[in-house]
Amino acid sequence: MASSTPYAAAGVLAVMVAALCLHGAAAQLVEDYYDDTCPDAYDIVKQTLIEAHQSDTRIYASLLRLHFHDCFVQGCDGSILLDNMTGFQTEKEAVPNMGSARGFPVVDAVKAALEDACPGVVSCADILALAAEISVELSGGPKWGVLLGRLDGLTSSIAGANNLPAPFENLTVLERKFSDVGLKDLVDLVALSGAHTFGRVQCANIADPPADRLYNFSGTNMPDPTLNSAYRAFLSQRCPRNGNSSVLNDLDPTTPDTFDKNYYTNLEVNRGILTSDQELKSSPLAQGRTAPIVDRFAQSQDAFFASFAQSMINMGNIAPVTDPSMGEVRCDCKMVNDDS
């Protein structure tokens, strides 16, 4: 009989954990998916996020954005977390993500804590869904029951990531991109855009082509006429022409780290920082369509919170992987499992 050593035991444990990570059970998404297999999953994610926030006040908004950018590309499958691998270029290098998508080390920390507690159980895609809800709640926003049971996808799509809704796009394009992923109700578009009630945005997205609202909007050599003049003057000081494109600005200048309805009250007075934001209120096409939804959310935070929670559930249901032949529970969120 072979002698038992710490190294041998560790090797056996590693094999067992790897085997656990390779398999998943087909299921529909449900709130109590981990109640038996990892009952402390929610609390573990929450505690890790609270600790991360102590040194990074932007992290909650960043994690919510990761979930959004994940779900809009191939569905909510954790593809945004993958590094480059044979045959696939990482979505992290797509234009909408390069230099702005952040929070990956926190996701890794959450995964490590969950692997310590319940190896091979909680998927990276579900970590993003849980982190999004917890981030909103900890920032003063609504709480909702997160549907769980996603497996992690095996591929990434930089082409899909390069087609994410963009800050310079008009209402027609935004509606089409939301509809293309199954979010056909305009309430989803307006409510999910409300995620811009906290977080930061780089000057590139308001002062550089094709997103320039301050100096040469749509090739007019004039500022965007729907941008409040005093707010434009303020932004121009922070983002001068040909200045540093990476300078950060508050998405919501009133309560930049709080999840509330002020995003919509800003739109009411033409203080939406992105073209895609102000389009919801000021576009001619918005009248009778998205503008009344903006008005309703500006008047009632309860209405916004209720709609946002439901829209997050709707978004979380975009093409989840539940078939074990199509996905897995990754051991490391940055790479697919090695099952050779």
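Basis of the calculations
- Residues numbered from 1 in each chain as written.
- Predicted model: local features only at pLDDT ≥ 70, side-chain atom pairs only at ≥ 80, totals over all residues.
- Heavy atoms only, no water.
- UniProt positions renumbered as here; feature names shortened; annotations may be inferred.
- pLDDT = per-residue confidence, 0-100.
- Contact = heavy atoms within 4.5 Å.
- Helix = DSSP H or I, 4+ residues; strand = E, 2+ residues; numbered from the N terminus.
- Buried < 20%, exposed > 50% of the residue type's maximum accessible area, 1.4 Å probe, protein only.
- Axes fitted to C-alpha atoms, helices over the stretch in contact; angles between N-to-C directions.
- Parallel < 35°, antiparallel > 145°, perpendicular 65-115°, else oblique.
- Left-handed = near helix turned anticlockwise from the far one by under 90°.
- Polar contact = N/O pair within 3.5 Å; in protein donor to acceptor, adjacent residues only side chain to side chain.
- Salt bridge = Lys/Arg side-chain N within 4 Å of Asp/Glu carboxyl O.

- As named in an unreviewed UniProt entry, the chain is Peroxidase, taken from Urochloa decumbens.
- Looking at the chain in UniProt, the text filed under Function (unreviewed entry) is "Removal of H(2)O(2), oxidation of toxic reductants, biosynthesis and degradation of lignin, suberization, auxin catabolism, response to environmental stresses such as wounding, pathogen attack and oxidative stress."

Digging into the confidence of the model for the chain
No. 1: Considering every residue of the chain, the mean pLDDT works out to 92; 91% of them sit at 70 or more.
No. 2: Ignoring residues within four places in sequence, the model shows residues 1–19, a span with pLDDT below 50, making four contacts including any to other chains.

A closer look at the UniProt feature "binding site: Ca(2+) 2" (unreviewed entry) in the chain
No. 1: UniProt's feature table lists "binding site: Ca(2+) 2" (unreviewed entry) at Thr 197, Asp 252, Thr 255 and Asp 260, given in the numbering used throughout. For the residues just named, distributed over 64 residues, the greatest C-alpha separation is only 9.8 Å, placing them together at one site.
No. 2: Structurally, Asp 252 is set in the loop between strand 3 (248–250) and helix 11 (262–268).
No. 3: The exposure class assigned to Asp 252 is buried, which follows from its relative accessible area of 0%.
No. 4: Discounting residues that sit within four places of it in the chain, Asp 252 has contacts with His 196, Thr 197, Asp 260, Asn 262, Tyr 263 and Asn 266.
No. 5: Looking at the secondary structure, you find Asp 260 in the loop between strand 3 and helix 11.
No. 6: Sequence-distant contacts of Asp 260, that is, excluding residues within four places in its chain, are made with Thr 197, Asp 252, Thr 255, Gln 301, Phe 304 and Phe 305.

Observations concerning the packing of helix 3 (residues 59–71) against helix 5 (residues 124–138)
No. 1: Relative to each other, helix 3 and helix 5 sit at 140 degrees, their axes nearing to 8 Å. The orientation of helix 3 with respect to helix 5, classified from their angle, is oblique. The interaxial crossing formed by helix 3 with helix 5 has left-handed handedness. Residues Tyr 60, Leu 63, Leu 64, Leu 66, His 67 and Asp 70 of helix 3 form the contact with helix 5, whose own contacting residues are Leu 128, Ala 129, Ala 131, Ala 132, Ser 135, Val 136 and Leu 138.

Description of the side chain of Ser 135
No. 1: Assignment of secondary structure puts Ser 135 in helix 5.
No. 2: Judged by relative accessible area, Ser 135 falls into the buried class, the value being 0%.
No. 3: Here Ser 135 is in contact with Leu 49, Tyr 60, Leu 63 and Phe 198, once residues within four sequence places are set aside.

What to know about the side chain of Arg 150
No. 1: Turning to its location among the elements, Arg 150 is positioned in the loop between helix 5 and strand 1 (152–153).
No. 2: In this structure Arg 150 comes out as buried when scored by relative accessible area, which is 3%.
No. 3: A distance of 2.7 Å separates the side chain of Arg 150 from the side chain of Asp 126, its partner in a polar contact.
No. 4: From its side chain, Arg 150 meets the backbone oxygen of Gly 316 in a polar contact 3.0 Å long.
No. 5: If near-sequence neighbours (up to four positions away) are discounted, Arg 150 is found in contact with Leu 29, Tyr 34, Cys 76, Ser 123, Ala 125, Asp 126, Ala 129, Gly 316, Pro 320 and Val 321.

Focus: the pattern of salt bridges
No. 1: Inspection of the entire model under this criterion finds 16 salt bridges.
No. 2: Measuring nitrogen to oxygen at the nearest pair gives 2.5 Å for the salt bridge that ties Arg 289 to Glu 175. In this pair, Arg 289 sits in the loop between helix 12 (275–282) and helix 13 (291–299) while Glu 175 sits in helix 7 (residues 171–180), placing the two residues 114 residues apart along the sequence.
No. 3: Residue classification places Arg 289 among the partly exposed residues on the basis of a relative accessible area of 37%.
No. 4: Notably, a salt bridge pairs Lys 334 with Asp 332, separated by 3.1 Å at the nearest N-O pair.

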